[in-house]
Amino acid sequence: MENNIEALQVDKNKQPYVMLWKYEKLYEEKYGKKPTTNKYRDKAAMKDVIESVGFERGMDLLEYYFKIPKVGHPLIFFLYNFDRIDYIEKETVKDKKNREVLRRLTKEMVEGKE
């Protein structure tokens, strides 16, 4: 999903609200209804996400979160586990690159033996 929000400079005080808005939009796209959120409480938790991984990475993690098979995609799960989601996403990308290299090397070996 391409969003112009990432390209814009967002005021630091508004970043948690932008992330909550993004979560709501992704949730609504996936489930066809708006999630129930407590903006005051969730703003503080999103601030922690931003302080830990940064605003842009947090936005990317929200998109990745909705690609994983998690029933209901509760916001509270994301807020408590964003660091694990970040690790898993990084490892998945690294694994994909390693598999591509192995496939290429295997193909070269097989073609070289013929």
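The model shown is predicted, which means the values in this text are computed figures rather than measured ones. (Residues numbered from 1 in each chain as written. Predicted model: local features only at pLDDT ≥ 70, side-chain atom pairs only at ≥ 80, totals over all residues. Heavy atoms only, no water.)

Is there a simple way to think about helix 1 (residues 15–31) in this case?
In an α-helix, one full turn covers 3.6 residues, which means residues spaced three or four apart are oriented alike. When the terminal C-alpha atoms of helix 1 are compared, their 24 Å separation across 17 residues agrees well with the 24 Å that a helix rising 1.5 Å per residue should span. One or two steps after helix 1, the chain reaches glycine 32, where phi turns positive at roughly 75 degrees. (Helix = DSSP H or I, 4+ residues; strand = E, 2+ residues; numbered from the N terminus. Expected span 1.5 Å × (residues − 1).)

I'm lost on the environment of aspartate 60 in this one. Help?
Looking at where aspartate 60 falls in the secondary structure, it is placed in helix 3 (residues 55–65). Overall, the relative accessible area of 39% leaves aspartate 60 in the partly exposed class. As for aspartate 60 and lysine 30, which are separated by 30 residues in sequence, their C-alpha atoms are 16 Å apart. (Buried < 20%, exposed > 50% of the residue type's maximum accessible area, 1.4 Å probe, protein only.)

Whenever I open this one, the nonpolar core confuses me. Can you help?
One recurring pattern in soluble globular proteins: nonpolar side chains tend to sit buried together. Among the nonpolar cores identified, the biggest contains 22 residues, and Met19, Tyr23, Met46, Phe55, Leu62, Leu75 and Phe78 are the most heavily contacted of them. Put simply, the parts of the chain that give this core at least two residues each are helix 1, helix 2 (39–53), helix 3 and helix 4 (75–113). If near-sequence neighbours (up to four positions away) are discounted, tyrosine 23 is found in contact with Pro35, Thr37, Leu62, Tyr65, Phe66, His73, Pro74 and Leu75. (Core = buried A, V, L, I, M, F, W, Y, C linked by side-chain atoms within 4.5 Å. Contact = heavy atoms within 4.5 Å.)

I tried to follow the pattern of salt bridges on my own but got confused; where do I start?
Note that side chains of opposite charge can pair when their charged atoms are close. Counted under the stated rule, the structure contains nine salt bridges. The partner of glutamate 91 in a salt bridge is lysine 94, with the nearest N and O atoms 3.3 Å apart. Of the two residues, glutamate 91 and lysine 94 are both situated in helix 4; the distance of three residues between them amounts to about one turn of the helix. Look at the salt bridges and you will find they share partners, linking Arg57, Asp86, Glu89 and Lys90 into a network. (Salt bridge = Lys/Arg side-chain N within 4 Å of Asp/Glu carboxyl O.)

What exactly am I supposed to notice about the packing of aromatic side chains here?
Given two aromatic rings, one states the distance between the centres and the angle between the planes to describe the pair. Inspection of every chain in the model, using the stated rule, returns six aromatic pairs. Summarising the aromatic geometry, the rings of tyrosine 23 and phenylalanine 66 are spaced 5.5 Å apart at their centres and angled 50 degrees between planes, so their arrangement reads as tilted. Of this pair, tyrosine 23 sits in helix 1 while phenylalanine 66 is found in the loop between helix 3 and helix 4, placing the two residues 43 residues apart along the sequence. A relative accessible area of 8% places phenylalanine 66 in the buried class. (Phe/Tyr/Trp six-rings, centres within 6.5 Å; stacked < 30°, edge-to-face > 60°.)

Any chance you could explain the packing of helix 2 against helix 3 here in plain terms?
Axis angle and axis distance: for two packed helices, these are the angle between their axes and the distance between the axes, and together they describe the pair. Running from N to C, helix 2 and helix 3 cross one another at 115 degrees; their axes reach a closest spacing of 7 Å. Classified by the interaxial angle, the pair formed by helix 2 and helix 3 is roughly perpendicular. Helix-helix and strand crossings are classified by hand; for helix 2 and helix 3 the assignment is right-handed. In contact with Met46, Val49, Ile50 and Val53 of helix 2, helix 3 contributes Phe55, Arg57, Gly58, Leu61 and Leu62. By residue class, the composition of the contact of helix 2 with helix 3 is seven nonpolar, one polar and one charged. (Axes fitted to C-alpha atoms, helices over the stretch in contact; angles between N-to-C directions. Parallel < 35°, antiparallel > 145°, perpendicular 65-115°, else oblique. Left-handed = near helix turned anticlockwise from the far one by under 90°. Nonpolar A, V, L, I, M, F, W, Y, C, P; charged D, E, K, R; others polar.)

These values are about where atoms sit, not about what they do.
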